[in-house]
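# A look at the structure
Here is what each chain is made of, one letter per residue.
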2 protein chains.
Amino acid sequence: MNNVITIGREFGSGGREFGRLLAEKLGYEYYDKEIITEIAKKTSLSETYVKQIVEQTPHSLFPITTGNAFAYYGNNHLYNVQSIFREQTNVITEMAKKSDCVIVGRCADYILEDLNPFKIFIYADEKSKIERCLKKVDEPESVNVKKLKRQIKNIDKNRARYYSFYTGKKWGDKLNYDICINTSDIEISEAVSVIEKLFE
Amino acid sequence: MNNVITIGREFGSGGREFGRLLAEKLGYEYYDKEIITEIAKKTSLSETYVKQIVEQTPHSLFPITTGNAFAYYGNNHLYNVQSIFREQTNVITEMAKKSDCVIVGRCADYILEDLNPFKIFIYADEKSKIERCLKKVDEPESVNVKKLKRQIKNIDKNRARYYSFYTGKKWGDKLNYDICINTSDIEISEAVSVIEKLFE
């Protein structure tokens with residue numbers, strides 16, 4: 001059985017960096033945006049469209065007042081959403097069965113439950129998340145921090161909704177993960193250097 | 001500065017065993033029930049009384065209808081509660097300043113905030129918590145599991161109330177800890193062997 005590590009993460013917590021670095025240190029495959037590319041290939045839909053569905057909130061996936069939403073997305077929308085969900089499961093399962101790997105996001109912890117992956121959740125306090133986001137932009141002083149705060153909250157709210165819609169569980173609830181790591185005041189590499197020891 | 005590790009834990013999650021084993025492996029002092037003993041010494045109150053206060057729910061510490069409660073506990077009750085709270089802070093702070101140590105429970109994570117302890121929370125699913133509790137009794141087959149479930153829930157509810165009353169924060173909320181470890185399907189020694197590497 002392969003070693004499979006899934007990573008759930010709050011936006012700005014450094015979860016993606018954590019996953020990439022962990023995979024690099026362990027010599028495991030790393031899957032993140034690759035999942036979108038694969039789903040797009042298998043469904044013959046555009047990557048942009050797949051990404052939009054996968055990062056959307058459930059109520060806009062299955063609108064109660066279908067008229068407008070379907071007009072906007074086209075008649076095949078519901079069919080496409082279902083295909084994307086099905087392929088997300090297939091793609092992630094295939095990846096996990098192929099080799100040792102780290103998979104970031106996309107409900108992989110839930111999809112791979114039967115393969116018993118090691119499930120990590122990465123989180124941080126608001127201050128650190130803002131600082132991490134600001135470090136990534138060219139002109140941090142020009143960023144509207146209030147707006148950034150709102151964006152972080154919204155992205156996480158969407159992740160929570162999507163996770164709950166897909167898995168029936170609460171996103172970020174400790175019980176869904178083997179370990180939860182607070183990256184508020186630490187370097188991501190520090191956290192990785194501890195967790196990699198679990199797989200040596 | 002000493003290395004100080006604080007451990008919050010759900011009842012039945014193996015948190016106490018985790019703390020003792022971690023202290024043993026690292027050669028750190030271990031404080032758990034010793035805190036009660038020290039508070040009792042400093043306040044000249046009995047250990048049983050101190051334990052009762054420290055493990056009680058806040059509403060019975062500061063009753064709204066004081067008449068009955070004070071009659072039950074005696075007139076010095078409120079004064080004693082305040083002394084115990086004050087001494088809990090003193091005792092835990094002294095312990096942390098004396099040497100490297102592991103401190104289990106008693107809001108140590110909050111009390112020692114300024115000393116920047118490493119804060120761990122140990123949790124598990126209900127099934128594992130019941131199994132761990134049953135392993136500790138001589139005749140597990142004679143235990144009423146339904147009642148045990150209720151007891152576990154009640155103990156944790158009291159811990160949550162006490163923590164929130166004392167710290168103003170939510171007990172078990174990931175953000176209060178550096179790392180949260182799910183002990184549901186693992187041996188406590190496994191979890192310890194990872195975390196000890198952080199302090200080598």
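Here we summarise the structure given alongside this text. (Residues numbered from 1 in each chain as written. Chains lettered and ligands numbered in written order. Predicted model: local features only at pLDDT ≥ 70, side-chain atom pairs only at ≥ 80, totals over all residues. Heavy atoms only, no water.)

Counting its regular elements, chain A contains 10 helices and five strands. Relative to its length of 200 residues, chain A is compact, with a C-alpha radius of gyration of 17 Å against a globular reference of 16 Å. Along the first, second and third principal axes, the C-alpha atoms of chain A reach 50 × 50 × 30 Å. Looking at the 200 residues of chain A, the share that counts as buried comes to 52%. (Helix = DSSP H or I, 4+ residues; strand = E, 2+ residues; numbered from the N terminus. Rg over C-alpha atoms; globule rule 2.2 N^0.38 Å. Buried < 20%, exposed > 50% of the residue type's maximum accessible area, 1.4 Å probe, protein only.)

Another aspect to go through is the side chain of Arg132 of chain A. Residue and element names in this part refer to chain A. Within the element layout of this structure, Arg132 appears in helix H8 (residues 126–135). Buried charge without a partner: Arg132 forms no salt bridge, and the closest opposite charge is Glu17, 5.0 Å away. Engagement of the side chain of Arg132 in a polar contact is seen with the backbone oxygen of Ile186, the distance being 3.0 Å. Contact partners of Arg132, with chain neighbours within four places excluded, come to Gly12, Ser13, Gly14, Ala124, Thr183, Ile186 and Ile188. (Lys, Arg positive; Asp, Glu negative; His and termini not counted. Salt bridge = Lys/Arg side-chain N within 4 Å of Asp/Glu carboxyl O. Polar contact = N/O pair within 3.5 Å; in protein donor to acceptor, adjacent residues only side chain to side chain. Contact = heavy atoms within 4.5 Å.)

Quick look at the interface of chain A and chain B now. Every contact between the two is made by 16 residues of chain A and, on the other side, 16 residues of chain B. Of the roughly 1,400 Å² buried between chain A and chain B, counting both surfaces, carbon and sulfur atoms make up 64%. Taken together, the links from chain A to chain B amount to zero salt bridges. Where chain A touches chain B, the interface holds 11 residue pairs in polar contact (both at pLDDT 80 or more). Only strand E4 (118–123) and strand E5 (179–182) of chain A provide two or more residues apiece to the side of chain A that touches chain B. Grouping the amino acids of the side of chain A that touches chain B by side-chain chemistry returns 10 nonpolar, two polar and four charged. As judged from the three bridges shared by E5 of chain A and strand E5 (residues 179–182) of chain B, these two strands associate in the antiparallel manner. Across the sheet, residue Ile179 of chain A finds its bridge partner in E5 of chain B, namely Ile181 of chain B. (Buried area = accessible area lost by both parts, 1.4 Å probe. Nonpolar A, V, L, I, M, F, W, Y, C, P; charged D, E, K, R; others polar. Pairing = 2+ DSSP bridges.)

Hydrogen bonds along the backbone pair up the strands of a sheet, which may run parallel or antiparallel. Taken together, 10 strands build an open sheet; the order of strands is E2(A)-E3(A)-E1(A)-E4(A)-E5(A)-E5(B)-E4(B)-E1(B)-E3(B)-E2(B) and the sheet is mixed. Single-partner strands in this sheet number two, and they are strand E2 (29–31) of chain A together with strand E2 (29–31) of chain B. Ignoring strand direction, the axes of neighbouring strands in this sheet form an average angle of 20 degrees. Alignment of E2 of chain B against strand E3 (residues 101–104) of chain B, held across three bridges, turns out to be parallel. Of the residues in E3 of chain B, the one forming a bridge with Tyr30 of chain B is Val102 of chain B. The strands that helix H2 (residues 33–43) of chain B touches are E2 and E3 of chain B; relative to E2 of chain B, the one it contacts most, it runs at about 70 degrees. (Axes fitted to C-alpha atoms, helices over the stretch in contact; angles between N-to-C directions.)

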